[in-house]
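# Observations on the three-dimensional arrangement
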Amino acid sequence: MLMASETSERQELAKLCSCRDWSKAIRILNSLLSQSCAIQDICNRAFCYSKLELHKHVVKDCDKALQLDPTLLQAYILKGRALSALGKKEDALLVWEQGYGYAVHQSADLKLFLELEELLKQNRKVVCENHAMESPESSISVSVPALHVDEKLDSAHKNYSKLNDDSELCSELSDTSENRSEAFDTSDGHDELRDTVNGNKKLNSESNGAYTSNGHDELRDTVNGNKKLNSESNGTYSSDGHDELRDTVNGNKKLNSESNGTYDTFNKSSDESELCSELSDTSEQSSKSSVIHSKSSDISEVLWKSSNKYDIHNELGYEANRNKKFCVTRISKTKSISVDFRLSRGIAQVNEGNYSTAISIFDQILKEEPTYPEALVGRGTAYAFQRELGSAIADFTKAIESNPSACEAWKRRGQARAALGESVEAIADLTKALEFEPNSSDILHERGIVNFKFKEFNAAVEDLSACVQLDKENKSAYTYLGLALSSIGEYRKAEEAHMNSIGLDQNFLEGWAHLTQFYQDLANATKALECIERVLEIDEGFAKAYHLRGLLRHGMGEHKKAIMDLSSGLRIENSNIECLYLRASCYHAIGEYGEAIKDYDKALKLELDSMEKFVLQCLAFYQKELALYAASKINSEFSSFDIDNDINPLFKEYWCKRFHPQHVSENVFRQPSLKRSRPRKLDFSVTKQKTALLQAADSIGKKIQYNCPGFLPNRRQHRMAGLAAIEIAQKVSKAWRSLQVERNRNTSKHGKKARRKEKINTPSQNRGGACCSTSSSSETSNSYTITEDRSSCRSMMSWHDLYSLAVKWRQISEPCDPVVWVNKLSEEFNSGFGSHTPLILGQAKVVRYFPNYQRALDVAKIVIKEKKYVHNKADDIMDLSEDGKIQEIMHAESCSDLYRIVGEDFWLATWCNSTAFEGKQLEGTRITLLKMGEHGFDFAIRTPCTPSRWEDFDREMAVAWEFLKSSCSRFSSQCYALCHGGPVVLHNHQALCNAYSGEAYGSTNFDMLEKVREAILRMTYYWYNFMPLSRGTAAVGFVVLLGLFLAANMKFNGSIPKDLQVDWEAILNFDPNSFMDSVKSWLYPSLKVTTTWKEYPDVASTFSTTGSVVAALSSYDD
């Protein structure tokens, strides 16, 4: 029965070939090859592909045949012709020479031998001429072995050659011409390969589910051709406006998917990452140039997460038009309109953007044969370009039902599903396509990018690695492999992949853009800037490059330079919301509020096509209000700049959470608009005092810099930190002196030190204290007040007052960062507003925080062992004490192991041993482990700020602050007593004591100095674990630490060690003493005892107004 079926199919095959119906012939051969892999059938299919000019398919089949029989001359001839048509003349010559080598040493088909010899003759001459043209000044000698060939071929050979020529006129399948390569991969600089059945066609699929065309001819493939899929974040199918590959309807589409990043993002990361790739193929020998315009993911917060398009412009020469005329002439000569020809016409209409016309052509074919797969895929493609993805998928599905082995239908449906965001279904379809072509680099490429788009980074690495093994010249696969490797923390391999990408094409804009993102994510500003310079050398009109450099300079605190770059980008793309929002934030930061508000307004008026961009639009609403607020304070005392008390709590909460502003706009007081007069730019008048203060601030402030991947050095933030630390030192020192004077007065009056009286006031009835949102702005800023005697109350400064100094500087330095006290948010505070700092997000290793992963995992295991329970998502306790789970947990080596043992999402709380209340343990941070997708996890620390937790840490901070004040006061008092009450005892460390006290006396009590240092570190430990700010806790904590040491006459002259993050040292230690031990080794040797800081001008009077502060922070760019 099977033999009869095969005989019938072969008879049908003969008829189809006689009728030149090559596409149906290929279907028959596919069926035959699924039953038995006959070498001749493989060659026959390659021959049919050659008739349809599906040259890449010819190469694939010939490679398969030659693997089975390396002496097969027909395969060498067909493969060489295909490579030549793809513009790879030298490769073709090598193939023919290899075949000729076999032929002269063994018995061979004489006709094929002569044909091969003739091909060698002709093409060696062409290749030599081409080399001579490329290097006219050099003498190139090419050794060509003598060929003894009769110049007049036998008649059979002539007829065979004639058949090749005639079949191109009579096939009626392809509206195509030879010597064309695929889109963005042109090998000869002309119109690209016009494939037909089972060919390749690029499909640009954006995530909003629409197919768009740019109005130019695509490369022409036909019915079963390959089409590449460019899957951008908005899910549209788009063509770039030039001649794209005209493949056949059932062809292979490559997925071009854009990334957003981050990075995050382009992140670099930024989350949420969209995919962008031009997905170039391997034939890159084009003499014509192409300019690629794609998307990139932004990895710096939301700006990395949003993406911009890179327009792709393919330069086409006169050959394109000539080829079109040739097709028309050819068709008119045949005067035979076959189904294949109508399919080709339909595809041509799709490529030209005439989707309705194309659909009508396919409708006619489907009326005659409703289940014709090629027509179904063709119509599906047209629907897709019209943004009718549902109809497109329906047609692809019918094609699959009609022919389950139609690889291209599976592939295209997978790409369309990816455009709709149906990740599971898309991957399943592409996986099915791979069953039919397991070694297809194209499908591996496509699935790899779809995997990357949907954050299946490990699978993306596997697919793209396999792709580049099969196709070592696929620059797009390399650059996406680099992005995927970077996401999983394989930075060395990622850099290597990116370098391979641009090594294949030094003008590959997308590759350079992705490499820029890679370096920016790692905080390697120097290399990132070098990459951007290279991009602009290639194309100075590449808008994305200006956005990337603006983003980088913004991250480095160079706001004025960033504005210049962003303005250049906006001159090219004036509705680019990423550039608009970022430029507005730069204007906002440097005090040009009028310009900032203009840009915020423009951003609010734009019509957007993605959620990431919409988030920027929401933020523009909040930032505009804050810019108006800052403008109203520009001439007021800086002390009056008070976002925490002046701005509505609901507004701040929506701002922090990036919620839609509609509810806020309807229920919250809006800031008045600027006066009609144009706001003047802030002028920074240089004085000797200001210069000295800024130089000192720059030197001190750079000490806050983390030397870790992901942390860009930011000059603006360094200056902010230095000025804040100096002001803190000046104000704290003044408060301590007042307290010391009071103590000394009491000592002189009573002959002994007065007893200190402590009183801890009753907590406010507001949960969270006076700082809660129900409190008025006139209430005190701290919940508890610890006082000395009444006479000294006026000199007291609370811990909250202390840290608020640094918070205010942090707020004014980068106004688009939502840095606010959590207990000053709305009543949602009562249910807890928690920070979220992920170490692993899905399968991505967060570049900044993943270095703390192993320690965090170990801490989680210790907590579970100690408590023997965790909490589930509903906050219910899950007992883990039975079934040996604790022992299993202690042997867990990864998040996956831990999750498998616990069995569901959970969280656990670390603890902080209290110093103020013996035996008490405060709730530290919460370590959470949540499942994300099938293979990913959200492993993070989440710190809730519930009222009860706030009260506990408020008390602890108050006691720590009191102990610090007391230690400093006692030290100074002892020095005072020694100086005024008896002989001065000299000591080897007299100079140190003199420097500390600032007086001409000595002291032997260096234990008190140690207590001062430990008191500063202890309070810093509780601050980091408290985490009372919506963000910025780490920076504020270290700024205050620097200021307190300075106030105690100790200046930190070192730097934070490489790969160490001080806040994480505190968070991952259960006891303040352990934290102190972990930092003393590098901190103490770098503390220099000095009083030179007392010579600095007073910060509060030197920069008294808000405007002067903003100008000072912005002046280093002048």
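Residues numbered from 1 in each chain as written. Predicted model: local features only at pLDDT ≥ 70, side-chain atom pairs only at ≥ 80, totals over all residues. Heavy atoms only, no water.

## Concerning the overall build of the chain
Applicable threshold: Secondary structure elements are taken from DSSP: a helix is a run of H or I of four residues or more, a strand is a run of E of two residues or more, and numbering for both begins at the N terminus. Working definition: with a 1.4 Å probe on protein chains only, accessible area under 20% of the residue-type maximum means buried, over 50% means exposed, and in between means partly exposed. Accessible surface is estimated by sampling points in the Shrake-Rupley manner with a 1.4 Å probe; for residues, cover comes only from the protein chains shown.
The helix and strand inventory of the chain stands at 44 helices and 15 strands. The burial tally for the chain puts 60% of its 1118 residues in the buried class. Element-wise, carbon and sulfur atoms account for 49% of the exposed surface of the chain, whose accessible area totals about 44100 Å².

## A closer look at the sheet that holds strand β9 (residues 869-872)
Heads up, the condition is: The criterion for strand pairing is that DSSP finds at least two bridges linking the strands in question. Here, two residues are considered to be in contact whenever any of their heavy atoms come within 4.5 Å of each other. Helix axes use the C-alpha atoms of the stretch in contact, all axes being lines fitted to C-alpha atoms, and the angles between their N-to-C directions lie in the range 0 to 180 degrees.
Spatially, β8-β7-β13-β12-β11-β9-β10 is the arrangement adopted by the seven strands of the open sheet, whose pairing is antiparallel. Across the chains shown, the open sheet's two edge strands, defined by having one partner strand only, are β8 (844-845) and β10 (877-879). Here β9 runs beside strand β11 (residues 906-913); their pairing, made up of two bridges, is antiparallel. Each bridged residue has a counterpart across the sheet, and for N872 the counterpart in β11 is F906. Where helix α34 (residues 853-867) meets the sheet, its contacts fall on β7 (835-842), β9, β11, β12 (921-932) and β13 (936-943), and the angle it forms with β11 comes to roughly 85°.

## Quick look at the packing of aromatic side chains
Definition in use: Only Phe, Tyr and Trp rings are paired, with Trp represented by its six-membered ring, and only when their centres lie within 6.5 Å; those with planes under 30 degrees apart are stacked, over 60 edge-to-face, the remainder tilted.
Throughout the structure, instances matching the rule amount to 31 aromatic pairs. With a centroid separation of 5.3 Å and 80° between ring planes, the pair formed by Y706 and F711 is classed as edge-to-face. There is no split in this pair, since Y706 and F711 are both buried. Pairing F711 with Y849 gives two aromatic rings, centres 6.4 Å apart and planes at 80°, and the pair type is edge-to-face.

## Some words on the pairing of β11
Among the eight residues of β11, seven are classified as buried, and the element is accordingly described as predominantly covered. Both β11 and β12 contribute to a ladder of seven bridges, which runs antiparallel. Bridging from a neighbouring strand, L908 pairs with I927 of β12.

## Digging into the confidence of the model for the chain
Short version of the rule: You can read pLDDT as the predictor saying how much it trusts each residue, on a scale of 0 to 100.
Taken residue by residue, the chain gives an average pLDDT of 75. The fraction at 70 or more is 70%. In this model, residues 752-794 is a region of pLDDT below 50 whose contacts with residues beyond four sequence positions or in other chains number 89 contacts. Scored below 50 in pLDDT, residues 976-1004 shows 46 contacts in the model against residues more than four places distant or in partner chains.

## Section: the nonpolar core
Inclusion rule: Buried Ala, Val, Leu, Ile, Met, Phe, Trp, Tyr and Cys residues that are joined via side-chain atoms within 4.5 Å together make up what is termed a nonpolar core.
In terms of nonpolar packing, the biggest core is built from 165 residues, with L802, Y803, F939, W961, L964 and F1038 touching the most fellow members. The biggest single contributor to this core is helix α27 (residues 611-632), with 12 residues. By size, the runner-up hydrophobic cluster in this structure holds 74 residues, among which are I347, L366, L515 and A545.

## Observations regarding the packing of helix α16 (residues 423-436) against helix α17 (residues 441-453)
Two measures define how a pair of helices packs: the angle their axes make with one another and the distance between the axes. Quick note on the threshold: Oblique is the label for any angle not under 35 degrees, not over 145, and not in the 65 to 115 range, which are roughly parallel, roughly antiparallel and roughly perpendicular in turn. When the near helix sits turned anticlockwise from the far one by under a right angle, the crossing is termed left-handed; a clockwise turn instead gives a right-handed crossing.
Where α16 contacts α17, the axes come no closer than 10 Å and their chain directions differ by 165°. The pairing of α16 with α17 is recorded here as roughly antiparallel in orientation. Between α16 and α17 lies a crossing of left-handed hand. On α17, the residues touching A426, I427, L430, T431, A433 and L434 of α16 are I443, L444, E446, R447, V450 and N451.

## Some words on helix α13 (residues 373-385)
The test is simple: Residue count minus one, scaled by 1.5 Å, sets the expected span of a helix.
Taking 1.5 Å of rise per residue, the 13 residues of α13 would be expected to cover 18 Å, and the 18 Å separating its terminal C-alpha atoms lies within 8% of that figure. Of all 13 residues in α13, 13 are buried, a share of seventy percent or more. Where α13 terminates, the next one or two residues include R387, which has phi positive at roughly 65°.

## Examining helix α26 (residues 593-605)
Along its 13 residues, α26 runs 18 Å from first to last C-alpha, staying within 8% of the 18 Å computed at 1.5 Å per residue. The set of residues buried in α26 consists of Y593, G594, A596, I597, D599, Y600 and A603. Where the residues of α26 are buried, they touch α25 (577-589), α27 and α44 (1106-1114).

## Notes on the pairing of β7
Within β7, six of the eight residues are buried, which leaves it mostly tucked inside the rest of the structure. Note: β7 against β13, seven bridges, orientation antiparallel. Pairing of L841 across the sheet is with D938, part of β13. By the bridge criterion, two bridges tie β7 to β8 in an arrangement that is antiparallel. If you follow L841 over to β8, its bridge partner there is A844. With antiparallel pairing between neighbouring strands as the criterion, β7 and β8 make up a hairpin whose turn holds one residue.

## Things to note about unusual backbone geometry
In the Ramachandran plot, R658 falls in the positive-phi region, its phi being about 60° despite a non-glycine side chain. Given the relative accessible area of 30%, R658 is considered partly exposed.

## Topic: the pattern of salt bridges
This is how the line gets drawn: In the sections that follow, a salt bridge refers to a side-chain nitrogen of Lys or Arg positioned within 4 Å of a carboxyl oxygen of Asp or Glu.
Following the criterion strictly, the structure yields 42 salt bridges and no others. The partner of K527 in a salt bridge is E495, with the nearest N and O atoms 3.7 Å apart. Of this pair, K527 sits in helix α22 (residues 525-538) while E495 sits in helix α20 (residues 491-504), placing them 32 residues apart in sequence. When its relative accessible area of 35% is taken as the criterion, K527 is described as partly exposed. According to the relative accessible area criterion, E495 is partly exposed, its value standing at 25%. A salt bridge links E1010 to R1013; the nearest nitrogen and oxygen atoms lie 2.7 Å apart. In this pair, E1010 and R1013 are both assigned in helix α39 (residues 1006-1026), three residues apart and thus about one turn of the helix distant. Residue E1010 is classed as partly exposed on the basis of its relative accessible area of 22%. Taking relative accessible area as the criterion, R1013 reaches 19% and is therefore assigned buried. In this structure, a network of salt bridges that share partners links the residues R413, R417, E422 and D429.

## Things to note about the side chain of R447
Summarising the element assignment, R447 is placed in helix α17. Owing to a relative accessible area of 15%, R447 belongs among the buried residues under this scheme. Those residues in contact with R447 that sit more than four places away from it in its chain are I427, L430, T431, L434 and D463.

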